[in-house]
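Here are the chains, one letter per residue:
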Amino acid sequence: MAILVTPETKVLVQGITGSFGGRHAQLSLEYGSQIVAGVTPGKGGQTFEDKVPVFDTVAQAVAETGTTTSAVFVPPPFAADAILEGVDAGLDLVVCITEGIPVNDMVKVKRALEGSKTRLIGPNCPGIVTPGDGKQSSGGCRIGIAPGYIHKKGNIGVVSRSGTLTYEAVWQLTCRGVGQSTCVGIGGDPVNGTSHLDVIKMFNDDPDTHGIIMIGEIGGSAEEEAAAWIRDNCKKPVAGFIAGTTAPPGRRMGHAGAIVSGGKGTAEAKIEAFREAGIQVAQTPSEMADVLLKVM
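Now for a description of the structure that goes with this document. Note on numbering: residues in each chain are counted from 1, in written sequence order. Residue-level local features of this predicted model are given only where pLDDT is at least 70; pairs of side-chain atoms are given and counted only at 80 or more, and the full residue set underlies all totals for whole chains, interfaces and linings. With hydrogens and water stripped out, all remaining heavy atoms of the structure feed into the side-chain values.

## Considering unusual backbone geometry
1) Next: The step from glycine 122 to proline 123 runs through a cis peptide bond, and the omega angle for that step is 10 degrees.
2) Next: Under the DSSP-based scheme used, a helix requires at least four consecutive residues in state H or I and a strand at least two consecutive residues in state E, with every element numbered from the N terminus. For proline 123, the position within the fold is in the loop between strand E7 (119-121) and strand E8 (127-130).
3) Next: A positive phi angle, close to 55 degrees, is found at asparagine 124, a residue other than glycine.

## Here's the deal with the side chain of asparagine 204
1) Next: By the element assignment, asparagine 204 lies in helix H6 (residues 196-205).
2) Next: Aside from chain neighbours lying at most four places away, what touches asparagine 204 is Trp229, Asn233, Cys234, Lys235 and Lys236. Contact criterion: two residues are considered in contact whenever any of their non-hydrogen atoms come within 4.5 Å of each other.

## Quick word on the pairing of strand E11 (residues 180-185)
1) Next: Using a 1.4 Å probe on the protein chains alone, a residue whose accessible area is under 20% of its type maximum counts as buried, one over 50% counts as exposed, and one in between counts as partly exposed. Within E11, six of the six residues are buried, which leaves it mostly tucked inside the rest of the structure.
2) Next: Should DSSP find at least two bridges between two strands, the strands are regarded as paired. The sheet contact formed by strand E10 (residues 153-160) and E11 spans five bridges and is parallel. Considered in E11, the bridge of isoleucine 156 is made with glutamine 180.
3) Next: Clockwise travel from the first strand over the helix to the second, with the strands pointing away from the viewer, marks a crossover as right-handed. Handedness of the E10-helix H5 (residues 163-175)-E11 crossover: right-handed.

## A word on the sheet that holds strand E6 (residues 93-96)
1) Next: Read from one edge of the open sheet, seven strands run E3-E4-E2-E1-E5-E6-E7, paired in mixed fashion. A single partner strand is all that each edge strand has here, and the edge strands are strand E3 (47-48) and E7.
2) Next: Judged from the five bridges that link them, strand E1 (residues 10-14) and strand E2 (residues 34-39) form a sheet pairing that is parallel. Following the sheet pairing, glutamine 14 is matched in E2 by valine 39.
3) Next: Orientation is described by lines fitted to C-alpha atoms, with helices fitted over the stretch in contact, and by angles between N-to-C directions that extend from 0 to 180 degrees. Where helix H2 (residues 58-65) meets the sheet, its contacts fall on E1, E2 and strand E4 (52-55), and the angle it forms with E2 comes to roughly 145 degrees.

## Brief notes about helix H7 (residues 222-233)
1) Next: Working rule for helices: expected span equals 1.5 Å times residues minus one. Spanning twelve residues, H7 covers 16 Å between terminal C-alpha atoms, matching the ideal 16 Å at 1.5 Å per step.
2) Next: Those residues of H7 that sit buried are Glu223, Glu224, Ala226, Ala227, Trp229 and Ile230.
3) Next: Elements in contact with the buried residues of H7: H6, strand E12 (211-217), strand E13 (238-243) and helix H8 (267-276).

Everything listed is a geometric property; what it means functionally is a separate question.
Written out as structure tokens, the structure reads:
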């Protein structure tokens, strides 16, 4: 079992005819994901790699293929509309990889998501992987840009704001012979869809997730909110890491949301919240897997 996506999940790729979207659609196909449709306005009727039909709209793709999930590889000026198209079509999940979407656009998307059935992961995220049984054509589900070969099927859930630190945690686990249930990169933008807390709740309810690695960074209060819930509700061991301990106040580091302002969102405050919640904290990225395995 896993969260959010399984080997049976049918996926469409918005922007499949672009070089970036096409490249990662091909990698997802090779991993074993069910990429059943692409969407590029004006290019309906074409096929991708002679096997995946391309449609003009998400609604057409849903009607023809029964897809429930979308990966968005659309340039920033049009990405918010691409997400909204998925919401209007009633998709269960939209995974937005696009970086640099204007904050005002995302505020409108956030409001449109309220009361809808659609869950958004991202934007500016690496996506989600539920590993299969092998490295290629494995029956897993890869949506986004994460390197599929580093994943191994197992029982550890990973959730992170940072793409590269997601990969680091996954690779550490795999190198130690420990697999993952699902790995979720939620992105580091200030206005996004799914939070640490949302994913932690799903991992807590998943019987096949036995432990969790939660990776945060400076800026915002999402990590503290997740830690408070973990303290009172989580039944599974959690290890954590906070990036940005040396970042100077007022300077954005990497992600648009990674900025300490007004004394809030500091690494020290987040680490303290983790410790108060009983979350074991790795001092460096290289220790993340070992800290969790020691707790378990």
